[in-house]
Amino acid sequence: MKSRTPGLTPARPLGLKAGRTMHAGPVTYVVLALFTAVSLAPLIWTAIAASRTSGRLAQTPPPLWFGGNLFKNLERAWTEASLGDAMLNTTIVAGSITIGTVLFSTIAGFAFAKLKFKFSGLLLLLTIGTMMVPPQLSVVPLYLWIADLQWTNQLQAVILPTFVSAFGVFFMRQFLLQALPSELIEAARMDGASSLRIIWHVVFPAARPAMAVLGLLTFVMAWNDFLWPIIALNQSNPTVQVALNSLGTGYIPDRAVIMAGALLGTLPLLLAFILFGKQIVSGIMQGAVKG
Amino acid sequence: MSETAEYAETASPGEGDAAPAASGRRKASPTSSWRSRLYRWDIKASPYVFVAPFFLFFGAFGLFPLLYTGWASLHRLELTNLDDSTWLGLENYTNLLQSDYFWNALGNTFTIGIISTVPQLAVALGIAHLLNYKLRGSTLWRVAMLAPYATSVASASLVFTLLFAWDGGMVNWIIGSVGIDPVNWRESSWGSQFAVSSIVIWRWTGYNALIYLAAMQAVPHDLYESASLDGASRWQQFRHVTIPMLRPTILFTVVVSTIGATQLFGEPLLFGGTSGSKGGADHQFQTLGLYLYDQGWINGHLGRASAVAWLMLVVLLLIAAVNLLIARRLRKAQ
């Protein structure tokens, strides 16, 4: 597959065919099928376990096919473990973070890629450097802060600290370096367009494919974020991950309901994968960073 | 790199242009001079305005807390009384360095890091090699390999906890069917560390395979052609062409995985169930990340938790330095 969008991989010299074109033999297919089975089996088994009863899950051998309790278990997870509320919360949180990250990354990435200004090199280096700082290093002050503002258990406490992303800025810069012809900006300038008009009429249209990919990656990351939401929120107003954590620590000791919760917490992302799998894959191949 | 330098600040406007234009020739009109000044200001200031949101948010929620954590680590700061902090100097640090649980957590982080990162990257390299062949339905394979990446830490850990359960767990059933005695995956030291690592391996192998695949596709085809002309087998091509060309990418994934391993938190927390923050009854899989959470939010010693955070940074820097040294040694050996 050739990614339609230039990314972090070094540019190929023109006229030089890159990659291997050898066709896969049957052994390759067998081995790949094996790995695919390993990567999908836990997901499928989650659904199987969610459709059984807790008692059946404690017996040997474990169930290998679906039972009849799926909807009952999903309903219990939805109401008793308040996963319904949690999913709404997570949608708000991940949605806001995605909008903020994509918007601010695009304009900052544009500035770094196409505008000349003092200290731009240093600032870009600083941006990339921030990716190395572990989140554990800020949780204590952030906690003191939200306690002071009486934001504990409120969604903005989870949204604001991850509202921008250094990776996003770098990702958009790499894309816009190649995807946005400088002549286009120059022409707009000649016409007397202000910087804001250029952002709106030139940068955003050119950046749209990369904005979509960054949006997907950010949404997945924000949906799955764990450490900070667990500290900042509790069971009264949880995100999905916080709700799943309390499920796991014996809030509801029913194994089948726990599995129904795990299934519910993953379902939206799996749907996104089925719909946009190709874009997510190409986005990661352009050089994503573990979040 | 970008070619466009600063745009001419006196770009001449098109004739009869209605748009706000900046023209040196129209200085006579006061509005035009005002506009021209505005335009010049726009050119100068807008780059800073565009990067400002990132740095404002990062300063507030990243840099400031980072430094504040250092300050907090020198104080006694309790969860029960957030307004009261007493200066301790380095006492939090000396206490930690004398605590068996801290060294236990450091050791666990190290062993779990090794047994999750090494197989993960090795298998990812193999999968990437296979995905690099001309395949039918290549996108489908890639999406399937990446599906675990979409699964959250929490969901994945809950599922694996059940797969590794003592009674009725899939893993014990499978090893039992080939005649191996069931293992108590939660209580035994190596068993629990293996189980926690398997969650990490499962979630990240496909992701790393895609990173390797991207790098493999950038390797010039000629290199393989000349290698096969020299009579190199497929394995020799993989070993002597692919791996050396991938070295920067491999180093990148090693660094990123190491950072991830140092911060390991969600997997052991959920795998431990009710004793999650302790990392099991005997702290047998308590990682540094868990230890920080346990100290800060279960025991309520936020100052001490801050000291753990700074020690984690020290560990990370040490590992980065070692990585760098190894990379340099490898390059020289080449």
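Here, every reference points to the structure presented above.
Please read all numbers here as calculations on a predicted model, not as lab measurements. (Residues numbered from 1 in each chain as written. Chains lettered and ligands numbered in written order. Predicted model: local features only at pLDDT ≥ 70, side-chain atom pairs only at ≥ 80, totals over all residues. Heavy atoms only, no water.)

**Examining the overall build of chain B**
Quick reminder of the rule: Secondary structure follows DSSP: runs of H or I at least 4 residues long count as helices, runs of E at least 2 residues long count as strands, and numbering of each begins at the N terminus. Note on method: radius of gyration uses C-alpha positions; expected globular size equals 2.2 Å times residues raised to 0.38. Burial classification: accessible surface area is computed with a 1.4 Å probe over protein chains only, and a residue below 20% of its type maximum counts as buried, one above 50% as exposed, and the rest as partly exposed. In what follows, a contact means two residues having at least one pair of non-hydrogen atoms within 4.5 Å.
In terms of helices and strands, chain B carries 13 helices and two strands. Here the C-alpha radius of gyration of chain B, 28 Å, is well above what a compact globule of 334 residues would show, namely 20 Å. Viewed in the frame of its principal axes, chain B has a C-alpha envelope of about 95 × 75 × 40 Å. The burial tally for chain B puts 54% of its 334 residues in the buried class. Within chain B, counting contacts between residues at least 6 apart in sequence, those at least 24 apart form 64% of the total.

**A short note on the interface of chain A and chain B**
Cut-off, in case you're wondering: Put simply, buried area is how much 1.4 Å-probe accessible surface two parts lose in total, over both of them, once they are put together. Should a side-chain nitrogen of Lys or Arg be within 4 Å of a carboxyl oxygen of Asp or Glu, the pair is scored as a salt bridge. Residues adjacent in sequence count toward polar contacts only when both atoms are side-chain atoms; beyond that, a polar contact is any pair of N or O atoms within 3.5 Å, and within protein one must be able to donate a hydrogen and the other to accept it. For this classification, Asp, Glu, Lys and Arg are treated as charged, while Ala, Val, Leu, Ile, Met, Phe, Trp, Tyr, Cys and Pro are nonpolar and the rest, including Gly, are polar.
Listed as interface residues are 115 residues of chain A and, on the opposing side, 116 residues of chain B. Both sides of the chain A and chain B interface together cover about 10,600 Å² of buried area, and 73% of this is carbon and sulfur. Residue Asp167 of chain B pairs with Arg255 of chain A through a salt bridge whose shortest N-O separation is 3.0 Å. Our count for the chain A to chain B interface comes out at 15 residue pairs in polar contact (both at pLDDT 80 or more). Across the side of chain A that touches chain B, the residue classes tally to 75 nonpolar, 27 polar and 13 charged.

**So, the packing of aromatic side chains**
Keep this limit in mind: Aromatic rings from Phe, Tyr and Trp, with only the six-membered ring used for Trp, were paired whenever their centres fell within 6.5 Å, and each pair was classed as stacked if the ring planes differed by under 30 degrees, edge-to-face if by over 60, and tilted otherwise.
Summed over all chains, the structure comprises 35 aromatic pairs over all chains. Ring centres of Phe117 of chain A and Tyr48 of chain B lie 5.2 Å apart, and the angle between their planes is 75 degrees; this geometry places the pair in the edge-to-face category. A residue pair is termed interchain when its members come from two chains, as with Phe117 of chain A in the loop between α4 (83–114) and α5 (120–129) and Tyr48 of chain B in helix α1 (residues 30–72). The buried category is assigned to Phe117 of chain A, whose relative accessible area is 9%. Taking relative accessible area as the criterion, Tyr48 of chain B reaches 33% and is therefore assigned partly exposed. Ring centres of Phe102 of chain B and Trp103 of chain B lie 5.5 Å apart, and the angle between their planes is 80 degrees; this geometry places the pair in the edge-to-face category. Judged by its relative accessible area of 3%, Phe102 of chain B is buried. Ring pairing ties together the aromatic residues Phe104, Trp145 and Phe163 of chain A together with Phe57, Phe61, Phe64, Tyr68 and Trp71 of chain B, which thus form one cluster.

**Notes on the nonpolar core**
Put simply, the rule reads: Definition of nonpolar core: a set of buried residues of the types Ala, Val, Leu, Ile, Met, Phe, Trp, Tyr and Cys, connected through side-chain atoms within 4.5 Å.
Of all hydrophobic cores here, the largest spans 182 residues; its most connected members are Trp45, Phe110, Trp228 and Ile284 of chain A together with Leu146, Tyr149 and Trp297 of chain B. No other element matches helix α10 (residues 195–224) of chain A, which puts 16 residues into this core.

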